[in-house]
Amino acid sequence: MTRIAVHELQIIDSQIDKVNHHGDTLEEKITLDEKMAELNRIEKIVSNLSELLAKEKKEQKKQEDSTTAYSEKIEREEKKLYAGTIVNPKELKGIENEVRSLKSRRDKDETVLLEVIEKAEEIDGHLVEHNKQQQVVRAESDVAQASFEKAIAEIEAQLKELGSQREEIEPLVAPDMLKLYNRLRHDKQGLAVTALDGSTCLGCRMELPSQEIEQAMAEENVWRCPHCRRILLRHT
């Protein structure tokens, strides 16, 4: 019974290993990671564009305030110029020069303002485009997340079922055999129990002498491969 039980235990543990490996290499996880990486990339771009746009809007406000201030000052100076209250030619000439200077500085600020507005509009266009991309990729990420969670739930259900089967089988294995089995599982990459294919050990692919096989078949003790030391199944 112990030999049969340890064989069944190996089958269950191998299935558990396979399911765990599948969980580590889920296609759904790879897809989710790719979508999250793409989403993070776009979010960084959106964040950088938002900062640049805010900076340009601030500069735009500064230039608008400056041109408005110049226009208001020009208006005040022109009222003095044309009000008729100033008759001194020298003073009038000074006001004319001041108005000319103010208009020149306002024109320069308006040129800068137009450049800032154009740059802000260009950044805003890129931002709108990337915001749309962000929405699409976020939706795709949500779908990938749902698929991943579904796959994980299926794996957990399989592991739970296999765990229950293992709990039923393990008590049927003699303590010494179980100790040997667990040690071999640790040392032999999970494969503690194997079988013969003719006279070849399927664990290490080494051939066993036929005399040794016949002798082992006649014994009641645990039969182990002399090469890899795995537990070998007997043919009865």
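Residue indices follow the written sequence of each chain, beginning from 1 at its first position. Restriction of local features to residues with pLDDT of at least 70 applies here, the model being predicted, together with a cutoff of 80 or more for giving and counting side-chain atom pairs; totals for whole chains, interfaces and linings are based on all residues. Side-chain descriptors were evaluated using all non-hydrogen atoms of the structure, hydrogens and water having been removed beforehand.

Caption draft 1: Representation of helix 1 (residues 2–24). The helix count covers DSSP runs of H or I at least four residues long, the strand count covers runs of E at least two residues long, and both are numbered beginning at the N terminus. Expected helix span is taken as 1.5 Å per residue step, with the number of steps being one fewer than the number of residues. The terminal C-alpha atoms of helix 1 lie 32 Å apart, and with 23 residues this matches the ideal 33 Å at 1.5 Å per residue to within 8%. Where helix 1 is concerned, the buried positions are A5, V6, L9, Q10, I12, D13, I16 and V19. Considering only its buried residues, helix 1 is in contact with helix 3 (89–169), helix 4 (175–187) and strand 1 (193–194). Remark: exposure states derive from per-residue accessible area (1.4 Å probe, protein chains only) relative to the maximum for the residue type, with buried under 20%, exposed over 50%, and partly exposed in between. Residue contacts follow a heavy-atom distance rule, with two residues in contact if any of their heavy atoms lie within 4.5 Å.

Caption draft 2: Looking closely at the pattern of salt bridges. Any carboxyl oxygen of Asp or Glu within 4 Å of a side-chain nitrogen of Lys or Arg constitutes a salt bridge here. A complete count under the given rule lists 13 salt bridges for this structure. The closest approach of N and O atoms between R138 and E43, which form a salt bridge, is 3.3 Å. Of this pair, R138 sits in helix 3 while E43 sits in helix 2 (residues 27–82), placing them 95 residues apart in sequence. Assessed through its relative accessible area of 34%, R138 is described here as partly exposed. D65 is paired through a salt bridge with K61; the nearest N and O atoms lie 2.8 Å apart. Of the two residues, D65 and K61 are both situated in helix 2; the distance of 4 residues between them amounts to about one turn of the helix.

Caption draft 3: The arrangement of a negative patch on the surface in detail. Like charges within 9 Å and nonpolar side chains (Val, Leu, Ile, Met, Phe, Trp, Tyr) within 5 Å are joined into patches, using only residues over 30% in relative accessible area that form no salt bridge. The protein chains shown are the only cover counted for residues, whose accessible areas, like all others here, come from Shrake-Rupley with a 1.4 Å probe. The sign given to each residue is positive for Lys and Arg and negative for Asp and Glu; His and the chain ends receive no count. Charge positions come from single atoms, namely NZ of Lys, CZ of Arg, CG of Asp or CD of Glu. A contiguous patch of negative charge on the surface is contributed by E115, E118, E121 and D124. On the secondary structure map, E115 appears in helix 3.

Caption draft 4: Main features of the environment of I169. If you trace the backbone, I169 turns up in helix 3. Owing to a relative accessible area of 12%, I169 belongs among the buried residues under this scheme. Discounting chain neighbours no more than four positions away, the residues touching I169 are A5, E8, L9 and I12.

Caption draft 5: Structural view of helix 3. Its 81 residues place the ends of helix 3 115 Å apart at the C-alpha level, agreeing with the 120 Å of an ideal helix rising 1.5 Å per residue. The definition of a polar contact used here is a pair of N or O atoms within 3.5 Å, where within protein one atom must be able to donate a hydrogen and the other to accept one, and adjacent residues in sequence count solely through side-chain atom pairs. One side-chain oxygen of the residue at the start of helix 3 lies 2.9 Å from the amide nitrogen of K90, identifying that residue as N88.

Caption draft 6: Broad picture of the packing of helix 2 against helix 3. Where helices are involved, their axes are fitted lines through C-alpha atoms of the stretch in contact, as for all axes, and angles between N-to-C directions lie from 0 to 180°. Contact geometry of helix 2 with helix 3 gives a least axis separation of 5 Å together with a crossing angle of 165 degrees. One element, helix 2, and the other, helix 3, form an angle in the roughly antiparallel class. In the packing of helix 2 onto helix 3, the handedness of the crossing is left-handed. Tallied by class, the residues present in the contact of helix 2 with helix 3 amount to 27 nonpolar, 15 polar and 23 charged. Should an angle fall under 35 degrees it is called roughly parallel, over 145 degrees roughly antiparallel, and 65 to 115 degrees roughly perpendicular, with every other angle called oblique. Handedness of a crossing is defined here by the sense of rotation of the near helix relative to the far one, left-handed for an anticlockwise turn of less than a right angle and right-handed for a clockwise turn. Under the convention adopted here, Pro, Cys and the residues Ala, Val, Leu, Ile, Met, Phe, Trp and Tyr are nonpolar, Asp, Glu, Lys and Arg are charged, and Gly plus all remaining residues are polar.

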